[in-house]
Amino acid sequence: MNSSLPGRTGLICSALTALACAMVATLIIHRFQLDLTLAQWIYALEGHEWTLKEHWLFSELLHQRGRQLSIALLLLCLILLLASGIHPRLRPYRRVLAYLVISPLIASGVILLGKRSLGVECPWSLQPFGGDVPYSPLLQQLFNHGSGSCFPAGHASAGYAWLALYFAAATVQPRWRYAALALALGLGLLFGTTQQLRGAHFLSHDIWSFTLCWSINALLAALMLAPRRDCSLHPDSSMMQLKSVSERLPNVSDFRSTSR
C-alpha cells in the first residue's frame, strides 16, 4: 500500500490541535455571544418560529434519511470486513476495514454519551426562541448541568464521523483522500446546518461535533493505521539492517593477510 498517512506523532498532534482550536473558538463564541446572535438571526428569518422544524425536506429527508445513510455506510463497511475473512482480494484491506467500522462507531458513541450526560439545551427549548427554559451560554450550561440533550450535535456527527474515510484513503489510496475529506465535511456541514435551521443546535454544538470526530478518528488512525517504525516489530527490516552492518565490518581474512 502506498500510504501517505502521517506518523503517529503527527496524528496525535492533529487531534490535540483540533481540540485546542475548538476551545479557543468556544471562548470567542462565549465572549461575543455568537451562538445567540446567529440563532436569533435564523429565528427571525423564519418568522420568529422554527418554521423548518417539521418541514419534510429538513425533518424527513435530511434528518431521518441522513442518519439512515450513515448507518448504511457503517453496515457496508462491516459486511466488507466480514467478507475480507474469506475473499482474497479484500484480505489486504482488513485492517483498514476494521478501522472504518470501529472509528465512526466510537466517534458517534462519544457524541451520544456527551448528549446524554452534559445536559445542554436545544435552542427550541429556550425562552428567546419560544421555549420555557431561560437562555444561558454554553459554558454556563456545562457547569450548571441541565436536563437537555443537545450537546455535542448528534446529527452533524453522522457526517463528521466519516472523517475516518480520509484517514483510510490516505492509507490505501492517497489520491482519494481529499475527495473522502470533502465528502465527510460536506455531509457534516449539511446535517449540522439542517439542525441549526430546525432550531435543534447552536453553532458551538456543531464545532465540537466536528472536533471530537476529527480527534477520535485521528487518534484511532494512529493506533490502527499508522506505520510502526519500531524495527523490533519488523523482523525483515531488522535482518536487512544487520546484513548491512555485517557487510561493512572488516573480513577476518583481511586481518590474516595484514598480519603476515
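What you are looking at is a predicted structure, and each value in this text was computed from that prediction instead of being measured.

Participant: Sorry if this is basic, but what is going on with the packing of aromatic side chains here?
Facilitator: Ring pairs (aromatic) are described by centroid distance and by the angle formed between their planes. In total, this model carries 10 aromatic pairs according to the counting rule given. Between Tyr43 and Phe129 the ring centres are 5.4 Å apart and the planes differ by 90°, which places this aromatic pair in the edge-to-face class. Of this pair, Tyr43 sits in helix H2 (residues 34–45) while Phe129 sits in the loop between helix H4 (94–118) and helix H5 (138–143), and the two are 86 residues apart along the sequence. By relative accessible area, Tyr43 is classed as buried at 11%. Ring pairs connect the aromatic residues Tyr43, Trp50, Phe129, Tyr135 and Phe202, which therefore count as one cluster.

Participant: Where do I start with the confidence of the model for the protein in this structure?
Facilitator: The predicted coordinates ought not to be read in detail in places where the model reports low pLDDT. Summary statistics for the protein give a mean pLDDT of 90 and a share of 87% for residues scoring 70 or more. The low-confidence segment residues 230–246, where pLDDT is below 50, has five contacts with residues more than four positions distant or belonging to other chains. Low pLDDT, under 50, characterises residues 252–260; the predicted model gives this stretch one contact beyond four residues in sequence or across chains.

Participant: Looking at this structure, I do not really get the state of the cysteines. What am I missing?
Facilitator: In a disulfide, the sulfur atoms of two cysteines are held together by a covalent bond. All told, the structure shown has one disulfide when counted by the stated rule. A sulfur-sulfur distance of 1.4 Å marks the disulfide that ties Cys122 to Cys150. Here Cys150 lies in the loop between H5 and helix H6 (154–160) and Cys122 lies in the loop between H4 and H5, a separation of 28 residues in the sequence. Classification of Cys122 by relative accessible area gives buried; the value is 7%. Judged by its relative accessible area of 5%, Cys150 falls in the buried class.

Participant: Explain the packing of helix H3 (residues 56–83) against helix H8 (residues 177–198) to me, please; I cannot follow it from the model alone.
Facilitator: Relative orientation and spacing of two packed helices are given, respectively, by the angle between their axes and the distance between those axes. Here H3 crosses H8 at 140°, and the two axes come no closer than 10 Å. Judged by the twist between their axes, the crossing of H3 over H8 is left-handed. Contacts from Phe58, Ser59, Leu62, His63, Gly66 and Leu69 of H3 reach H8 at Leu187, Leu190, Phe191, Thr194, Gln195, Leu197 and Arg198. For the contact of H3 with H8, the class distribution of residues is seven nonpolar, five polar and one charged.

Participant: Just checking my understanding: could you explain H2 for this structure?
Facilitator: Along an α-helix, a turn takes 3.6 residues, which lines up residues three or four apart on a common side. Across its 12 residues, H2 extends 17 Å between first and last C-alpha, which sits within 8% of the 16 Å expected from 1.5 Å per residue. Taken as a whole, H2 has its buried residues at Asp35, Leu36, Ala39, Ile42 and Tyr43. Summarising the axial view, the buried residues of H2 lie within an arc of 135°, below the 170-degree limit, and thus occupy one face. Within H2, the exposed residues directed more than 90 degrees away from the buried face are Trp41 and Leu45. Buried residues in H2 make contact with helix H1 (8–32), H5, H8 and helix H9 (203–224). With its phi angle positive at about 85°, Gly47 sits one or two positions after the end of H2.

Participant: Explain a nonpolar patch on the surface here, please?
Facilitator: A contiguous nonpolar surface patch, about 360 Å² in accessible area, is contributed by Val24, Ile28, Phe32 and Leu34. On the secondary structure map, Phe32 appears in helix H1. Residue Phe32 is classed as exposed on the basis of its relative accessible area of 52%.

Participant: Please explain the nonpolar core as it appears in this structure.
Facilitator: Here is a general trend for soluble globular proteins: nonpolar side chains tend to be buried in one another's company. In this structure, Tyr99, Phe167, Trp214 and Leu225 are the most contacted members of the largest nonpolar core, which totals 37 residues. Listed by contribution, the elements that provide at least two residues to this core are H1, H3, H4, H6, helix H7 (164–172), H8 and H9. Once residues within four sequence positions are removed from consideration, Tyr99 is found in contact with Pro104, Ala164, Phe167, Ala168, Asn217, Leu220, Ala221, Met224 and Leu225. Core analysis: the next-biggest nonpolar cluster, separate from the first, contains eight residues, Leu36, Trp50, Leu126 and Phe129 among them.

Participant: Hey, could you run me through the layout of surface pockets in this one?
Facilitator: If a probe the size of a water molecule is rolled over the atoms, the empty space left behind becomes visible. Estimated volume of the largest pocket: approximately 460 Å³. Taken together, 25 residues make up the lining of the largest pocket; nearest its centre are Arg67, Gly154, His155, Ser157 and Ala158. Secondary-structure elements contributing two or more residues to the lining of the largest pocket are H3, H4 and H6. Grouping the amino acids of the lining of the largest pocket by side-chain chemistry returns 13 nonpolar, 10 polar and two charged.

Reading the values: rules and limits
Residues numbered from 1 in each chain as written. Predicted model: local features only at pLDDT ≥ 70, side-chain atom pairs only at ≥ 80, totals over all residues. Heavy atoms only, no water. Phe/Tyr/Trp six-rings, centres within 6.5 Å; stacked < 30°, edge-to-face > 60°. Helix = DSSP H or I, 4+ residues; strand = E, 2+ residues; numbered from the N terminus. Buried < 20%, exposed > 50% of the residue type's maximum accessible area, 1.4 Å probe, protein only. pLDDT = per-residue confidence, 0-100. Contact = heavy atoms within 4.5 Å. Disulfide = S-S within 2.5 Å. Axes fitted to C-alpha atoms, helices over the stretch in contact; angles between N-to-C directions. Left-handed = near helix turned anticlockwise from the far one by under 90°. Nonpolar A, V, L, I, M, F, W, Y, C, P; charged D, E, K, R; others polar. Expected span 1.5 Å × (residues − 1). Arc of directions from axis to C-beta. Patch = residues over 30% accessible without salt bridge, like charges linked within 9 Å, V, L, I, M, F, W, Y side chains within 5 Å. Areas by Shrake-Rupley, 256 points an atom, 1.4 Å probe, with all protein chains shown as cover. Salt bridge = Lys/Arg side-chain N within 4 Å of Asp/Glu carboxyl O. Core = buried A, V, L, I, M, F, W, Y, C linked by side-chain atoms within 4.5 Å. 1 Å grid on protein atoms, 1.4 Å probe; cavity = no way out; pocket = protein on both sides within 12 Å on 5 of 7 lines; lining within 4 Å. Points joined across faces, edges and corners; volume = space filled by probe spheres on them.

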